[in-house]
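Topology and contacts: notes
Next come the chains, spelled out residue by residue.
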Amino acid sequence: MGVPALFRWLSKKYPKIIYPVVEEEDTKILAENGEQVTVPVNMASTNPNGMEFDNLYLDMNGIVHPCTHPEGKPAPETEEEMMLEIFQYTERVVNMVRPRKLLFMAIDGVAPRAKMNQQRSRRFRSSQEAKEKEEARKESVLLWEGMSLRNQLKDVRLI
């Protein structure tokens, strides 16, 4: 579980941590047989952003979730496709930063049982509250219609 608003606080307190990134693209060349071959970025070369970094720390939850539930395109159909998406995205980030000493990838395990139970009860409570709210709305509509009908009957008696 992340720290709410940490990035916003960090970027306001230290605005220079936001740095525009130049992504170096893989090179595509034609092989002797006429096939197009992709040559990956040379990680040993200098960083095209003009700044070198010793360490890169990745929270893999921030990579895994968008790769398995992408916006604007369908989710991967197989586990293999999902893993390829994760590898490609991770490689892209590492290629942007090009850490020279350390790449640290933090990966959370399965949620603890207590957290799973809490989420399940929250979902159940939310569903129950939605049901009760709908029942109250229907009751209010019936009450309003009944009051409206009584007012109409009063108007009829006055005539």
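Residues numbered from 1 in each chain as written. Predicted model: local features only at pLDDT ≥ 70, side-chain atom pairs only at ≥ 80, totals over all residues. Heavy atoms only, no water.

Labelled according to an unreviewed UniProt entry, the protein chain appears under the name Xrn1 N-terminal domain-containing protein, originating from Psilocybe cyanescens. As stated in UniProt under Sequence similarities (unreviewed entry), the record for the protein chain gives "Belongs to the 5'-3' exonuclease family. XRN2/RAT1 subfamily." (UniProt positions renumbered as here; feature names shortened; annotations may be inferred.)

**A few points about the overall build of the protein chain**
Secondary structure summary: the protein chain contains four helices and four strands in total. In the protein chain, the succession of helices and strands from N to C terminus is α-β-β-β-α-α-β-α. Against the compact-globule benchmark of 15 Å for 159 residues, the protein chain has a radius of gyration of 29 Å, which places it well outside the compact range. Expressed along its principal axes, the backbone C-alpha trace of the protein chain runs to roughly 95 × 45 × 35 Å. Residues classed as buried in the protein chain amount to 13% of the 159 residues present. Expressed as a percentage of contacts within the protein chain between residues at least 6 apart in sequence, the contacts between residues at least 24 apart total 63%. If the 23 positive side-chain charges of the protein chain are averaged to one point and the 24 negative ones to another, these points end up 13 Å apart. (Helix = DSSP H or I, 4+ residues; strand = E, 2+ residues; numbered from the N terminus. Rg over C-alpha atoms; globule rule 2.2 N^0.38 Å. Buried < 20%, exposed > 50% of the residue type's maximum accessible area, 1.4 Å probe, protein only. Contact = heavy atoms within 4.5 Å. Lys, Arg positive; Asp, Glu negative; His and termini not counted. Charge placed at Lys NZ, Arg CZ, Asp CG, Glu CD.)

**Things to note about the pairing of strand E1 (residues 27-30)**
Pairing of E1 with strand E2 (residues 36-39) involves four bridges; the strand directions are antiparallel. Among the inter-strand pairings, Lys 28 is bridged to a residue of E2, identified as Thr 38. Counting the residues that bridge the hairpin from E1 to E2 gives five residues, and of these Gly 34 lies at a positive phi of roughly 95°. (Pairing = 2+ DSSP bridges.)

**Details of the packing of helix H2 (residues 61-68) against helix H3 (residues 79-97)**
Where H2 contacts H3, the two axes come as close as 9 Å, and the packing angle between them is 130°. Relative to H3, the element H2 lies oblique. The interaxial crossing formed by H2 with H3 has right-handed handedness. Of H3, the residues touching H2 (which contributes Ile 63, Val 64, Cys 67 and Thr 68) are Met 82, Glu 85, Ile 86, Tyr 89 and Thr 90. Of the residues in the contact of H2 with H3, the class split is six nonpolar, two polar and one charged. (Axes fitted to C-alpha atoms, helices over the stretch in contact; angles between N-to-C directions. Parallel < 35°, antiparallel > 145°, perpendicular 65-115°, else oblique. Left-handed = near helix turned anticlockwise from the far one by under 90°. Nonpolar A, V, L, I, M, F, W, Y, C, P; charged D, E, K, R; others polar.)

**Quick look at the nonpolar core**
General note: in soluble globular proteins, nonpolar side chains tend to be found buried as a group. Counting nine residues, the largest nonpolar core is built from Leu 56, Leu 58, Met 60, Ile 63, Cys 67, Ile 86, Val 93, Val 94 and Val 97. Counting residues per element, the ones that place at least two in this core are strand E3 (53-59), H2 and H3. Looking at this core element by element, the count peaks at four residues for H3. Those residues in contact with Ile 63 that lie beyond four places of it in its chain are Leu 58, Ile 86, Tyr 89 and Thr 90. (Core = buried A, V, L, I, M, F, W, Y, C linked by side-chain atoms within 4.5 Å.)

**Focus: the environment of Ser 45**
With respect to the helices, strands and loops of the structure, Ser 45 is situated in the loop between E2 and E3. The sequence separation of Ser 45 and Arg 98 amounts to 53 residues, and the corresponding C-alpha distance is 9.1 Å. Apart from residues lying up to four places away in sequence, Ser 45 is in contact with Arg 98 and Arg 100. Only 3.1 Å separates the side chain of Ser 45 from the side chain of Arg 98, close enough to count as a polar contact. (Polar contact = N/O pair within 3.5 Å; in protein donor to acceptor, adjacent residues only side chain to side chain.)

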